Amino acid sequence: MLNAIYQSLDPVAITLGPFAIRWYGIAYVLGFVLCGVMMYRTARKWRIDFDEDSLMTVILCVVVGVILGARLGYVLVYGEADYLANPLEIMAFNHGGMSFHGGLVGALVAGVVASVITKVPFLTLADMGAMAAPIGLFFGRCANFINGELWGAVTDLPWGVVFGGSAGMMPRHPSQLYEALLEGLLLFAILMILRNRKPPCPRGTFLGTFLVGYGICRFALEFIRQPDAQLGYLWGGWLTMGQVLSVPLILAGVALLAYALVKRRPQQGIRKGSK
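Notes on the structure in this doc start here.

The rules we used
Residues numbered from 1 in each chain as written. Predicted model: local features only at pLDDT ≥ 70, side-chain atom pairs only at ≥ 80, totals over all residues. Heavy atoms only, no water. Axes fitted to C-alpha atoms, helices over the stretch in contact; angles between N-to-C directions. Helix = DSSP H or I, 4+ residues; strand = E, 2+ residues; numbered from the N terminus. Parallel < 35°, antiparallel > 145°, perpendicular 65-115°, else oblique. Contact = heavy atoms within 4.5 Å. Nonpolar A, V, L, I, M, F, W, Y, C, P; charged D, E, K, R; others polar. Patch = residues over 30% accessible without salt bridge, like charges linked within 9 Å, V, L, I, M, F, W, Y side chains within 5 Å. Areas by Shrake-Rupley, 256 points an atom, 1.4 Å probe, with all protein chains shown as cover. Salt bridge = Lys/Arg side-chain N within 4 Å of Asp/Glu carboxyl O. Buried < 20%, exposed > 50% of the residue type's maximum accessible area, 1.4 Å probe, protein only. Phe/Tyr/Trp six-rings, centres within 6.5 Å; stacked < 30°, edge-to-face > 60°.

1. A look at the packing of helix 5 (residues 122-147) against helix 7 (residues 205-221)
Piece 1. Close contact between helix 5 and helix 7 brings their axes to 7 Å; oriented N to C, the two are set at 30°. It follows from the interaxial angle that helix 5 and helix 7 lie roughly parallel. Within the contact between the two elements, helix 5 uses Leu123, Ala126, Asp127, Ala130, Met131, Ala133, Pro134, Leu137 and Arg141 and helix 7 uses Thr205, Phe206, Leu207, Phe210, Tyr214 and Arg218.
Piece 2. Taken together, the residues of the contact of helix 5 with helix 7 sort by class into 11 nonpolar, one polar and three charged.

Below is the structure:
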């Protein structure tokens, strides 16, 4: 314990009188802003007719979809009976509790709405969003680390972190940072390599790659991530809810990649013969 790393970062970044701005909120804002920048740059690279108004429409839809989806996903999958006794708590975002899988569903539903409004095909929008998603994941997982939540299992590795509180005083895997590196930086690098291919990959390639990549990374990291206390381990005492929810993502991603390979539909706006 003498050489253990202690996580003592303050979750509150700025305090202005009675108001507190938390790192988690900053991560969400920064993630959405940078995702918007990445989507716009990707659209320009693919020569898609996608102006600033269309971008703002998409971002607004996605912000609403991600936040509502993430919260409702947490309440339905990870929530306890307290939400039934106190339904107003469902919308108490300041009390924590967001689910990535719920946020993903919300983002996809929002993408359908944005596609209708902007007249950009859904899979093209989804591919642009998939390019940007790892950025948001990176900042979100870093914020999880600062909050001292979603920590990993006990470890004797030299980089084990003591989070204190409900995590106890034993060093644990900083699984939040593992996820930031794999689901964030690594997945972003893979998608960037695909984005730079000429001619551009067909519709569905990037969303399919994201779903497969995230699903595999999340499934693997769940083995060293402490499961939610209210659920614990599932069948056989080793499977977690995160792994159960990641399997459909992998299957859907594989199916989407197969669809993209067979149909080979170009991203909207790509001129024939463009390099």
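2. Section: a nonpolar patch on the surface
Piece 1. Where nonpolar side chains cluster on the molecular surface, the patch consists of Val29, Leu30, Val33, Leu34 and Val37 and spans about 390 Å² of accessible area.
Piece 2. Following the sequence through the fold, leucine 30 ends up in helix 1 (residues 23-45).
Piece 3. A relative accessible area of 36% places leucine 30 in the partly exposed class.

3. Things to note about the packing of aromatic side chains
Piece 1. Under the criterion given, the structure shown has nine aromatic pairs.
Piece 2. An angle of 55° between the planes, with centres 6.4 Å apart, marks the rings of phenylalanine 100 and phenylalanine 210 as tilted. Placement of phenylalanine 100 in helix 4 (residues 100-118) and of phenylalanine 210 in helix 7 is noted, with a sequence separation of 110 residues between them.
Piece 3. Note on phenylalanine 100: relative accessible area 19%, which makes it buried.
Piece 4. Seen in terms of ring centroids, phenylalanine 145 and phenylalanine 163 are 5.8 Å apart; in terms of plane orientation they differ by 80°. Their pairing is edge-to-face.

4. Comments concerning the pattern of salt bridges
Piece 1. The tally for this structure, following the rule as stated, stands at five salt bridges.
Piece 2. The partner of arginine 141 in a salt bridge is glutamate 179, and the shortest N-O contact between them spans 3.3 Å. Of this pair, arginine 141 sits in helix 5 while glutamate 179 sits in helix 6 (residues 175-195), and the two are 38 residues apart along the sequence.
Piece 3. Under the relative-accessibility criterion, arginine 141 is labelled buried at 8%.
Piece 4. Among the residues examined, glutamate 179 registers a relative accessible area of 1% and is labelled buried.
Piece 5. Note that glutamate 179 is salt-bridged to arginine 225, the shortest N-O span being 3.0 Å.

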